[in-house]
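Each chain, written out:
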Amino acid sequence: MILLIVYAVYIITNDGRPLVSEYFQSHANLPNDINLSALLASVQMFSEDITSTKGAAEKFQLRGMTYHLKKFGDFQIVMVTDGDSSPAKLINNLGWRFMQQYVDEIEDWNGNTGIFLDFHPFIREVVGRESTIDIAGTLDPTKKLTTAVIFKLPKDVQNTALAIVSLESATANQIAEEIDDTLENVKSYLAVLQEEGYLGLKDESGEKVYFIS
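Residues numbered from 1 in each chain as written. Predicted model: local features only at pLDDT ≥ 70, side-chain atom pairs only at ≥ 80, totals over all residues. Heavy atoms only, no water.

## Some details on the packing of aromatic side chains
Each aromatic ring pair is described using two quantities: the centre-to-centre distance and the angle formed by the ring planes.
Here comes step 1: This structure, assessed with the given rule, holds twelve aromatic pairs.
Here comes step 2: Ring centres 5.1 Å apart and planes at 70° place the aromatic pair phenylalanine 75 and phenylalanine 98 in the edge-to-face group. Here phenylalanine 75 is found in strand E5 (residues 75-81), whereas its partner phenylalanine 98 is found in helix H2 (residues 88-107), with 23 residues between them in sequence.
Here comes step 3: Relative to phenylalanine 119, the ring of phenylalanine 98 lies with its centre 5.0 Å away and its plane at 75°, an arrangement referred to as edge-to-face. Here phenylalanine 98, found in helix H2, pairs with phenylalanine 119, found in the loop between H2 and helix H3 (120-130); they are 21 residues apart in sequence, far enough to count as distant. (Phe/Tyr/Trp six-rings, centres within 6.5 Å; stacked < 30°, edge-to-face > 60°. Helix = DSSP H or I, 4+ residues; strand = E, 2+ residues; numbered from the N terminus.)

## Re the nonpolar core
Here comes step 1: Core analysis: the largest hydrophobic core is formed by 24 residues, its most contacted members being Val9, Ile11, Leu94, Phe98, Ile123 and Val127.
Here comes step 2: Listed by contribution, the elements that provide at least two residues to this core are strand E1 (6-13), strand E2 (18-23), E5, H2 and H3.
Here comes step 3: With 21 residues, the next largest nonpolar core counts Ile179, Val186, Leu199 and Ile212 among its residues. (Core = buried A, V, L, I, M, F, W, Y, C linked by side-chain atoms within 4.5 Å. Buried < 20%, exposed > 50% of the residue type's maximum accessible area, 1.4 Å probe, protein only.)

## Here's the deal with the sheet that holds strand E4 (residues 65-72)
Here comes step 1: As summarised here, the arrangement of the five strands in space is E2-E1-E5-E4-E3, forming an open sheet in which the pairing is antiparallel. Because the sheet does not close on itself, it has two edges, and the strands there are E2 and strand E3 (59-62). Strand-to-strand, the axes of this sheet are offset by a mean angle of 20°, without reference to chain direction.
Here comes step 2: Across five bridges, the pairing between E1 and E2 is antiparallel. Along E2, the bridge assignment pairs isoleucine 11 with valine 20.
Here comes step 3: H3 contacts E1, E2 and E5 of the sheet and is inclined by roughly 45° relative to E2. (Pairing = 2+ DSSP bridges. Axes fitted to C-alpha atoms, helices over the stretch in contact; angles between N-to-C directions. Contact = heavy atoms within 4.5 Å.)

Right under this line is the structure:
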């Protein structure tokens, strides 16, 4: 069973300026950080206007992904995931740590995102420990291995695609055993699926495990 998949984490000011952006997906279809941050801030401000409640917007969906939002003083954490389940523990962990570490910098921030660079490893550590992330940066959340998609793939790749859909996550060895093919062949098929954005790669106890969104 795959844990909640996290595609990205954004930390933005309440007026819509990006502070930190950390991605766990392919960059092929990533929205522009500045435009996305402005949109997310607008959603939050609109929700507060119509409800008279601070931080009223908790999540919304876009292109099959769920954006979870939570305000922490002058900034908010936005976590992009594959489902509705709230990653509240993760968001709180990141939010309070960021506040403790950068409370003075945020108050008088001059637009230099370089001062937050040392927060990126902390995001990867915490999110990687509590969820599924694509360490290879090949997974495109907008692409799904549906039956129609699979049968448009090259014939020699189709069995591998069917196997990974059935297993949800597996090593190259497990897939090779499942379809009774050589490990060398399966690795080449997996590389094709990764290149097309259909597969992510995670580390489980030192093993490389492929997964789908």
